[in-house]
Amino acid sequence: MAWTAISTQNGTTPIARGGWLDALRFIVACLIVVHHFQAAGPHALAETVHPMFEVSGFLLTNFFLMDSGYVLMRVYGEQVRKGSMSAGDFVLKRVLRVVPAHLIMLTGLVALVLVASSLGAAPRNPEWFAWDQLPAQALLVQSFGLHGGLGWNAPTWSISALIGCYLAFPWIVRRLSRAHPVTALAWGVGVYLLANQAAWLLLDLPVWQMPMKYGFFRALPLFFLGMCLARFAEGVRIDPRLAGWSLLASSVGFFGLQLAGKFGLASVALIAVIIVAAGAVPVIRPSRLVEKAAVVSFAIFISNEVVRIAWFGAVNVAAPRLNLSETAQWGLWTLGMAAAIGFAFAFHQWIDEPIQARLRRWMKGRARRPVAAPTQPVVSLEG
């Protein structure tokens, strides 16, 4: 492999659907389900198998935050920089992508709790369904230091944080696109290290483990790092063979670190390598199945906690009444995992995607609308 394995003189690999980036999104979404479900079986997996089942949830969310910055920069960065997509249209497009599904799932969860309570099956942990936590979560402002957001569909803190990142995206694009690819990479690493040090000084925690109420401040350095990785990937061509081996080695290294009990900066660095390498592997034969699975990953993320609450609410009632064995309970736990994935596919196909299709048509119609001529004369600096 020659020195041209990494070059700024050759064209970079274009981003495409149906490849390793899509596959990783689905794999990580499924691993997040395992993380959320790990304590719901007869014994917590983090206690009986390995602590990584508990701690890895932070790092898996880090992947999504960093990957979001990377993908959005590569897909929309040039459009926003050139002005063919306005900052307002970008933010509106992203907000409309996440808010409908969020409100549907949260409304369903509230209805579930009310119906179950009326039937005498109140939640075993009512503190996770405190009504004063609901407004901030419904409005997706729980990650900006405001009261609320604990319990209910708790993983939506990251959606709240990403909305803040979407607002910052156009401003970052305009400044980052002028930077040399290597300089951009240095900025991303430097900002993340500074944010991590600040978190240690202020909260005695690494930035990736900050409380959910400070989720935006946790997410923005990761999102920015992802954007910087994208700027690097746009200006630097990585040989596909090097990219493939890097993807394999960094993935093995990442999971090896979790088994060894080492997390933090090294894991974040490996996630960064995984994302860049996956984006640099050419998609020669795009897989429609992989593309579909990646699209459904958002539905998995937004719905799996609600499915977990509903499923194990029923299991916790049925198990003692039916005197179920531990083996049977583990069987129900496995079925619950399958139910979460299956529900996400159904929710995407029959609810979320039809809503998004209508919103896309509305956005296109809005973009085609002619701008009315000004009724007042335009005053120029020339007078």
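Bear in mind that the values here come from a model prediction, so they are computed numbers and not experimental data. (Residues numbered from 1 in each chain as written. Predicted model: local features only at pLDDT ≥ 70, side-chain atom pairs only at ≥ 80, totals over all residues. Heavy atoms only, no water.)

Caption draft 1: Spatial organisation of the overall build of the protein chain. Helix and strand counts for the protein chain come out as 12 helices and 2 strands. For the protein chain, the sequential pattern of α-helices and β-strands runs β-α-α-α-α-α-α-α-α-β-α-α-α-α. For a compact globule of 383 residues, the expected C-alpha radius of gyration is about 21 Å, and the protein chain comes in at 22 Å, within 12% of that figure. Referenced to the eigenvectors of the C-alpha coordinate spread, the extents of the protein chain come out at roughly 80 × 65 × 45 Å. Sorting the 383 residues of the protein chain into buried and exposed places 45% on the buried side. (Helix = DSSP H or I, 4+ residues; strand = E, 2+ residues; numbered from the N terminus. Rg over C-alpha atoms; globule rule 2.2 N^0.38 Å. Buried < 20%, exposed > 50% of the residue type's maximum accessible area, 1.4 Å probe, protein only.)

Caption draft 2: Broad picture of the pattern of salt bridges. Evaluation of the coordinates by the stated rule reveals 8 salt bridges. The closest approach of N and O atoms between aspartate 67 and arginine 25, which form a salt bridge, is 2.5 Å. Taken together, the residues span a long stretch of sequence, with aspartate 67 in helix H3 (residues 52–82) and arginine 25 in helix H1 (residues 20–37) at a distance of 42 residues. A salt bridge links glutamate 353 to arginine 360; its shortest N-O distance comes to 2.5 Å. You can call glutamate 353 partly exposed: its relative accessible area is 26%. Taking the relative accessible area as the measure of exposure, arginine 360 reaches 39% and is therefore partly exposed. Residues joined by salt bridges that share partners form a network here, namely Glu78, Arg81 and Lys82. (Salt bridge = Lys/Arg side-chain N within 4 Å of Asp/Glu carboxyl O.)

Caption draft 3: Main features of the packing of aromatic side chains. Within this structure, the stated rule accounts for 16 aromatic pairs. Judged by centre distance (6.3 Å) and plane angle (90°), the rings of phenylalanine 90 and tyrosine 166 are edge-to-face. Taken together, the residues phenylalanine 90 in helix H4 (residues 87–118) and tyrosine 166 in helix H6 (residues 157–176) connect sequence positions 76 residues apart. Here phenylalanine 90 matches tyrosine 166 in class, with each residue buried. Aromatic ring contacts, followed pair by pair, group Tyr76, Phe90, Tyr166, Phe169 and Phe223 into a single cluster. (Phe/Tyr/Trp six-rings, centres within 6.5 Å; stacked < 30°, edge-to-face > 60°.)

Caption draft 4: Structural detail: helix H9 (residues 240–260). Compared with an ideal rise of 1.5 Å per residue, which puts 21 residues at 30 Å, H9 spans 30 Å between its outermost C-alpha atoms and is within 8% of the ideal. Taken together, the buried residues of H9 touch H1, H3, strand S2 (237–238) and helix H10 (265–280). The distance from a side-chain oxygen at the start of H9 to the backbone nitrogen of arginine 241 is 2.8 Å, and the residue carrying that oxygen is aspartate 239. Directly beyond the C-terminal end of H9, a positive phi value near 85° is found at glycine 261. (Expected span 1.5 Å × (residues − 1). Contact = heavy atoms within 4.5 Å. Polar contact = N/O pair within 3.5 Å; in protein donor to acceptor, adjacent residues only side chain to side chain.)

Caption draft 5: Summary view of unusual backbone geometry. Although it is not a glycine, tryptophan 152 sits at a positive phi angle of roughly 50°. We classify tryptophan 152 as buried; its relative accessible area is 1%. Located in the positive-phi region is aspartate 204, a residue other than glycine, with phi close to 60°. The topology assignment puts aspartate 204 in the loop between helix H7 (181–203) and helix H8 (215–235). Classification of aspartate 204 by relative accessible area gives exposed; the value is 57%.

Caption draft 6: Expanded view of the nonpolar core. Membership of the largest hydrophobic core comes to 101 residues, with the highest contact counts inside it found for Met66, Phe90, Trp152, Phe169 and Met227. At 13 residues, H3 tops the list of elements feeding residues into this core. (Core = buried A, V, L, I, M, F, W, Y, C linked by side-chain atoms within 4.5 Å.)

Caption draft 7: Molecular detail of the state of the cysteines. By the definition in use, this model includes 0 disulfides. Free cysteine: cysteine 228, not disulfide-bonded; nearest cysteine sulfur from cysteine 165 at 12 Å. For cysteine 228, a relative accessible area of 0% corresponds to the buried category. (Disulfide = S-S within 2.5 Å.)

Caption draft 8: Spatial organisation of the side chain of serine 251. You can see serine 251 is positioned in helix H9. Residue serine 251 is classed as buried on the basis of its relative accessible area of 19%. At 2.7 Å, the side chain of serine 251 forms a polar contact with the backbone oxygen of leucine 247.

Caption draft 9: Quick look at the confidence of the model for the protein chain. Looking at the protein chain, the pLDDT average stands at 90 and 93% of residues meet or exceed 70. Long-range and interchain partners of residues 371–383, a stretch whose pLDDT sits below 50, account for 0 contacts in this model, where long-range means more than four residues apart. (pLDDT = per-residue confidence, 0-100.)

Caption draft 10: Examining a nonpolar patch on the surface more closely. Side chains of Ile104, Trp350 and Ile351 sit close together on the surface and give an oily, nonpolar patch of about 330 Å² of accessible area. Within the secondary structure layout, tryptophan 350 lies in helix H12 (residues 326–368). (Patch = residues over 30% accessible without salt bridge, like charges linked within 9 Å, V, L, I, M, F, W, Y side chains within 5 Å. Areas by Shrake-Rupley, 256 points an atom, 1.4 Å probe, with all protein chains shown as cover.)

Caption draft 11: Summary view of the packing of helix H11 (residues 288–322) against H12. It is the contact of H11 with H12, at a shortest axis distance of 6 Å, that shows an interaxial angle of 135°. In terms of orientation, H11 and H12 fall into the oblique class. Like other packed secondary-structure pairs, H11 and H12 cross with a definite hand, here right-handed. Of the residues assigned to the contact of H11 with H12, the class counts are 22 nonpolar, 6 polar and 2 charged. (Axes fitted to C-alpha atoms, helices over the stretch in contact; angles between N-to-C directions. Parallel < 35°, antiparallel > 145°, perpendicular 65-115°, else oblique. Left-handed = near helix turned anticlockwise from the far one by under 90°. Nonpolar A, V, L, I, M, F, W, Y, C, P; charged D, E, K, R; others polar.)

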